[in-house]
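Chain and residue survey
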6 protein chains.
Amino acid sequence: MLRPSLRKPNQMRPVSLETAINKWAEGSCLIKMGGTQVLCTASVDFNQPVWKRMQNKSGGWVTAEYSMLPRANSTRKSHDAMTHDNRAVEISRLIGRALRSVVDMEKLGRHTINIDCDVLQGDGGTRCAAITGGFIAMALAVKWMLANDRITENPIMDNVAAISAGLWRGDLVLDLDYAEDCEAEMDSNFVVSGSGKFIEVQSTGEQHPFDQEQLIQLMDMARTACAQLISLQNQVLE
Amino acid sequence: MLRPSLRKPNQMRPVSLETAINKWAEGSCLIKMGGTQVLCTASVDFNQPVWKRMQNKSGGWVTAEYSMLPRANSTRKSHDAMTHDNRAVEISRLIGRALRSVVDMEKLGRHTINIDCDVLQGDGGTRCAAITGGFIAMALAVKWMLANDRITENPIMDNVAAISAGLWRGDLVLDLDYAEDCEAEMDSNFVVSGSGKFIEVQSTGEQHPFDQEQLIQLMDMARTACAQLISLQNQVLE
Amino acid sequence: MLRPSLRKPNQMRPVSLETAINKWAEGSCLIKMGGTQVLCTASVDFNQPVWKRMQNKSGGWVTAEYSMLPRANSTRKSHDAMTHDNRAVEISRLIGRALRSVVDMEKLGRHTINIDCDVLQGDGGTRCAAITGGFIAMALAVKWMLANDRITENPIMDNVAAISAGLWRGDLVLDLDYAEDCEAEMDSNFVVSGSGKFIEVQSTGEQHPFDQEQLIQLMDMARTACAQLISLQNQVLE
Amino acid sequence: MLRPSLRKPNQMRPVSLETAINKWAEGSCLIKMGGTQVLCTASVDFNQPVWKRMQNKSGGWVTAEYSMLPRANSTRKSHDAMTHDNRAVEISRLIGRALRSVVDMEKLGRHTINIDCDVLQGDGGTRCAAITGGFIAMALAVKWMLANDRITENPIMDNVAAISAGLWRGDLVLDLDYAEDCEAEMDSNFVVSGSGKFIEVQSTGEQHPFDQEQLIQLMDMARTACAQLISLQNQVLE
Amino acid sequence: MLRPSLRKPNQMRPVSLETAINKWAEGSCLIKMGGTQVLCTASVDFNQPVWKRMQNKSGGWVTAEYSMLPRANSTRKSHDAMTHDNRAVEISRLIGRALRSVVDMEKLGRHTINIDCDVLQGDGGTRCAAITGGFIAMALAVKWMLANDRITENPIMDNVAAISAGLWRGDLVLDLDYAEDCEAEMDSNFVVSGSGKFIEVQSTGEQHPFDQEQLIQLMDMARTACAQLISLQNQVLE
Amino acid sequence: MLRPSLRKPNQMRPVSLETAINKWAEGSCLIKMGGTQVLCTASVDFNQPVWKRMQNKSGGWVTAEYSMLPRANSTRKSHDAMTHDNRAVEISRLIGRALRSVVDMEKLGRHTINIDCDVLQGDGGTRCAAITGGFIAMALAVKWMLANDRITENPIMDNVAAISAGLWRGDLVLDLDYAEDCEAEMDSNFVVSGSGKFIEVQSTGEQHPFDQEQLIQLMDMARTACAQLISLQNQVLE
């Protein structure tokens, strides 16, 4: 079965990572994966989050907010309609967990890094692009904190990247675009660390249940792809 | 390492399934898994959901709403504080997907089944208990629909049950209770069909990334446990 | 005129009071009055409410939150639809006033007791059941506070219980169930203290105005019924 | 004990009823009871309320909305702070019930009368003033409907007025002003029909429980006072 | 072209300014301009606004809240429907800016004056009436503060008043009433100081663009009218 | 006085207009004016807005929604904090009025064009950039409608562009950037048509009142600048 983009089953879309695209943010990255474009900014807040302060906890925090521009998709959705967007909240929580998993909160000190991931144009895989690009924005903000003596030691312990994969017309394919996503029988998102381990696996087979062997093959694909993404991250961050 | 409940690593907590515990609902089930108690009701609405009507789609729908009583946990949370409870929304979406995956929407006709899962007492694994108990409530509501000639054919294609498993103090353990859950290094939820396939896998290693082999072992554990739960479901539904 | 339940005009439904039904709450009681089931928990907060702190007031506070499970009634109502449920707020205020009227706030110290009354199944008279059961939960929480040396003197000055009564098909009847309530010409709720005095009287004759004599007879009925409920409370609290 | 206003225990404050004070409303009345000023308007909507239409019910409806201007009281409260004002909602419901109790909904036809009661200045007894003044606004709107051939028969079956009374420094007193209300041991509101019967009785003894005899005496006082208010209503409506 | 009210193009409606119409407010004024009636109260808060405190700023603040009673207009709008009333917020901001422009915030000390402008009856030009009347309420509150030794120096530097003007059926006219406003081709609001300078100009030609010359003529008209209004303000404030 | 950007008083910042930057929208334009970047999309809805349908009105409608990305400014603001952003709503209304003023709603037919203006980076003058760029997005969407036979005649009657100008350190300057805007004594926004007439004038002198002569000079400056912007619009639209 030929993919709409003529890609091979395990082929990612072209990736572009552009940094320092926002004059105000301490770190920023515009990530493009094919037609998907996510603008990621990292904002450093010189305070712990309120809940840490109230519970007298030490260390910092990283949090993420994912959102779509009204016309990021084929159908327009007003900002108002997105006020309590459950899907966006769920994705924001995933991005936050993923980025926190590679940060040493003690070394971050009493700071909060807010990662905003705004989808300028969506074409499948936006949450994964947000994690991969959000990591770069966060890493740049950490560089800024080091350079400005806000912290003395790098709190980032490892890279993190993410990719989608799934079952489409009977084939296991990597990095589904919107056209494939709409028809996918099973859909997974993998968050992978620089060490090649998994930080999060989310597999959903609403149309078809899936078996263990299929998930194992998708995990293999994803690990390879994330290694490539992490290598790109490191090039950009040099 | 001894588990707080002295259970073996792959041992579930005692399960109790009590049906017909609500005089108004078309189907109902109070599920207890150890200290976790979830009251599940299925309410039949003789209409499609609004979005199906507006898009002129055929068939029915199943939706779920998960909620906690204010003192279901060690810390009280008022109903108001739970108004936009992102965790609850995320779990509601998971339960809905899980239950829909075993229903033939065309055979359900232009009806909506609303599954309410209210946690009377929480002690770990509430979302999994809600899926397992919610399936029973849904199955009873479908029986009611058949008995009352609202539909002519059973739309339920298979059973569905769910169980948690994770990495606790270095061991892979099944069905974590609250005390274990608080310390778990990695935490997974598995939704499994009667055919022994996976409907949803969610694994999160916020403290530690995990490797493929660990996930495979947890999947094995979960499949065995869900087979037992499904056997209990079928006993209750006879 | 025969009542649907075949009860005599001044006959209450069977009452069941089950305590310690929640492992987390400092006090709890599941009250059943016929088909009405209300789960009451008392949660002790080691702080004054915010408004007392801000106004530099001494002593503690008791507050109540009444809510219905989505399928507590013949028609389902989602949690969302109940977010600003004016009826529930009005009832919560009534329960709070009733319970506060028998508590010495100075002796309670700088604590707040939150009484949550969640209707698992509704069949008329839920607010009265919530007051009668909420008192037990509160009394158990106070015992817990005394046993744990949070306070040194019992702040509870008297019992409080409540019962409904009204005019149904021309007869004055006690403890209306849902079927009677729907048709009642006049409907009252009486909150009565252990000393046999009234704490609150609410009588509404939306269909028919009523005269003073009718209200006096209902007050007599209610006082007798509440004396019985209070005697049951005391048995359970021994 | 001398009342702050030097009134006798059973003496109402001076009442002023000014009609036609709004150029847009179909009926309007500015009622003053001492320092309490409530602007009541009745707006005729040529539709049933939505819930009646959806349930295919016949006849009309009367509904009320009570609100305070931000500086109606000694302490300012912004409109925003009043958005979900539980007290206002409870009072709105009371006013609506009171006014509906004297209207034949079939004769009202498929119309809705919205009574808005905005407190320009509050000094105790605002809900009672709103009922007494709201009745006049409603009666004027009905006159307008008759004059404009929207309806052919008067749907108003009787007058309705309301007054507060309570226990203040050990005395039973009528029509408490703000200074008395703050100290009252027990507080009641009585809604009375033109026929001298009771439509609603609400008595609360948060500080002190009260006995039956006290309530009976207050009911007597209230009935006399409401007869005077109703006589004033009829003068104004001639 | 004859105006509906038979006024000359540059003729204002009759103005009435009634002060001290609220027993609680530190300053109050009921302004009537023809059929437009706005009740303005000034409430003195012995605190800075939260944002000034948090930013450690010196001096006080003046803020305004504009609102309409539900039946202030020909069509009723419930309080609920006005909860997030964008037009009201925009007008509130305008009133606040206008009043702040004539106040020395340092001389005001760490106080906040809240100006509430509630439209009892609307007939065009309500925002301008609110500014003109709000100034009087504010000035009276400042007098109260001086008399009560809350401040030692008058922080009010100049008067401020406002008037509307526009293009109606081809003519430039002053102080449009509701009937004219509905048909106006171009509509302006002018806020003018006692020194005859402009504090705010807002001109909108949604139906027709307008040219510079027209705006200049309207500015001339407005300046003359505001001088009259300011003279009336000063008479009332003596 | 030298401007921070070394521009002459009547010199605009460099303008860049990039079209077709969104694969889903019927029209789109990324406008940059110095550091200000606004992404404008036009979405065609094949329906009238609800209010037109309910009032049985003919013709179409144009509406606008202005929003900022969380880190568009020096201080981050979460999407949640912007849910009821009064400033954004006020600006959205201004953009909508401006764009509607040059559209013949009858020729637009029963369609709605939604213009979304999302500020990627703010540096003063965002609302004006949104109008100038939003016009291009709208014009492209209209071209799309003509090309796809949704309409037969061009409903756009004229161009519209906007520019800010104000009083900064005593000088009248054009197109203020953020650094100037913070210090401006008086600030104006001018919306100008292709015919050189004014569609909207908004001048605010919160710090200083201003006189007529100053406003006239700013209007002259703005008209010249808008003529240039409109010439750029037409180049891009060829």
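First, a word on scope: everything that follows refers to the structure included in this document. (Residues numbered from 1 in each chain as written. Chains lettered and ligands numbered in written order. Predicted model: local features only at pLDDT ≥ 70, side-chain atom pairs only at ≥ 80, totals over all residues. Heavy atoms only, no water.)

Examining the packing of helix α3 (residues 126-147) of chain B against helix α5 (residues 212-237) of chain B
Residue and element names in this part refer to chain B. In the contact formed by α3 and α5, the axes pass within 11 Å of each other and the chain directions differ by 30 degrees. With respect to their mutual orientation, α3 and α5 come out roughly parallel. Between α3 and α5 lies a crossing of right-handed hand. Contacts between α3 and α5 pair Thr132, Phe135, Ile136, Ala139, Leu140 and Lys143 from the former with Leu229, Gln233, Val236 and Leu237 from the latter. Looking at the contact of α3 with α5 residue by residue, the classes come out as seven nonpolar, two polar and one charged. (Axes fitted to C-alpha atoms, helices over the stretch in contact; angles between N-to-C directions. Helix = DSSP H or I, 4+ residues; strand = E, 2+ residues; numbered from the N terminus. Parallel < 35°, antiparallel > 145°, perpendicular 65-115°, else oblique. Left-handed = near helix turned anticlockwise from the far one by under 90°. Contact = heavy atoms within 4.5 Å. Nonpolar A, V, L, I, M, F, W, Y, C, P; charged D, E, K, R; others polar.)

Remarks on the packing of helix α2 (residues 86-100) of chain C against helix α2 (residues 86-100) of chain D
Following both chains from N to C, one finds α2(C) and α2(D) inclined at 105 degrees, their axes separated by 10 Å at the closest point. Taken together, the axes of α2(C) and α2(D) lie roughly perpendicular to each other. Between α2(C), through Asn86(C), Arg87(C), Val89(C), Glu90(C), Arg93(C) and Arg97(C), and α2(D), the contact on the second element is made entirely by Asn86(D), Arg87(D), Val89(D), Glu90(D), Arg93(D) and Arg97(D). Considering only residue class, the contact of α2(C) with α2(D) consists of two nonpolar, two polar and eight charged.

Describing the interface of chain A and chain F
At the junction of the two partners, chain A supplies 32 residues and chain F supplies 32 residues. For the pairing of chain A and chain F, the buried interface totals around 2600 Å² over both sides, and the portion due to carbon and sulfur atoms is 48%. Together, Trp24(A), Arg71(A) and Arg76(A) form the three largest contributors to the area buried by chain A at its contact with chain F, with a combined 29%. Remark: the boundary between chain A and chain F carries eight salt bridges. With a closest N to O distance of 2.5 Å, Arg76(F) and Asp116(A) form a salt bridge. The interface formed by chain A and chain F contains 26 residue pairs in polar contact (both at pLDDT 80 or more). Residues that form the side of chain A that touches chain F fall into these classes: 11 nonpolar, 12 polar and nine charged. (Buried area = accessible area lost by both parts, 1.4 Å probe. Salt bridge = Lys/Arg side-chain N within 4 Å of Asp/Glu carboxyl O. Polar contact = N/O pair within 3.5 Å; in protein donor to acceptor, adjacent residues only side chain to side chain.)

Things to note about the sheet that holds strand β2 (residues 27-33) of chain E
Residues and elements named next belong to chain E. Reading across the sheet, the five strands line up as β1-β2-β3-β5-β4 and stay open at both edges, with mixed pairing between neighbours. Only two strands of the sheet have a single neighbouring strand rather than two, namely β1 (15-19) and β4 (61-68). Across the sheet, the mean angle separating the axes of adjacent strands is 15 degrees when strand polarity is ignored. Pairing geometry for strand β3 (residues 36-45) and strand β5 (residues 112-121), over nine bridges, is antiparallel. The residue of β5 that forms the bridge with Val38 is Val119. Contacts from helix α2 (residues 86-100) reach β4 and β5, with the element oriented near 145 degrees to β4. Against the sheet, helix α5 (residues 212-237) contacts β1 and β2, and its axis sits at roughly 30 degrees relative to β1. (Pairing = 2+ DSSP bridges.)

Some remarks on the arrangement of the chains
Chain E makes no contact with chain A, the minimum C-alpha separation between the two being 12 Å. In this structure chain B stays clear of chain F, and the shortest span between their C-alpha atoms is 12 Å.

Some thoughts on the interface of chain D and chain E
Taken together, the contact pairs 32 residues of chain D with 32 residues of chain E. Overall, the association of chain D and chain E removes approximately 2600 Å² of surface from exposure, summing both partners, and the carbon and sulfur fraction of that is 48%. Interface area lost by chain D to chain E is led by Trp24(D), Arg71(D) and Arg76(D), which between them contribute 29%. Applying the counting rule to chain D against chain E returns eight salt bridges. With a shortest N-O distance of 3.1 Å, Arg76(D) and Glu65(E) are connected by a salt bridge. Connecting chain D to chain E are 26 residue pairs in polar contact (both at pLDDT 80 or more).

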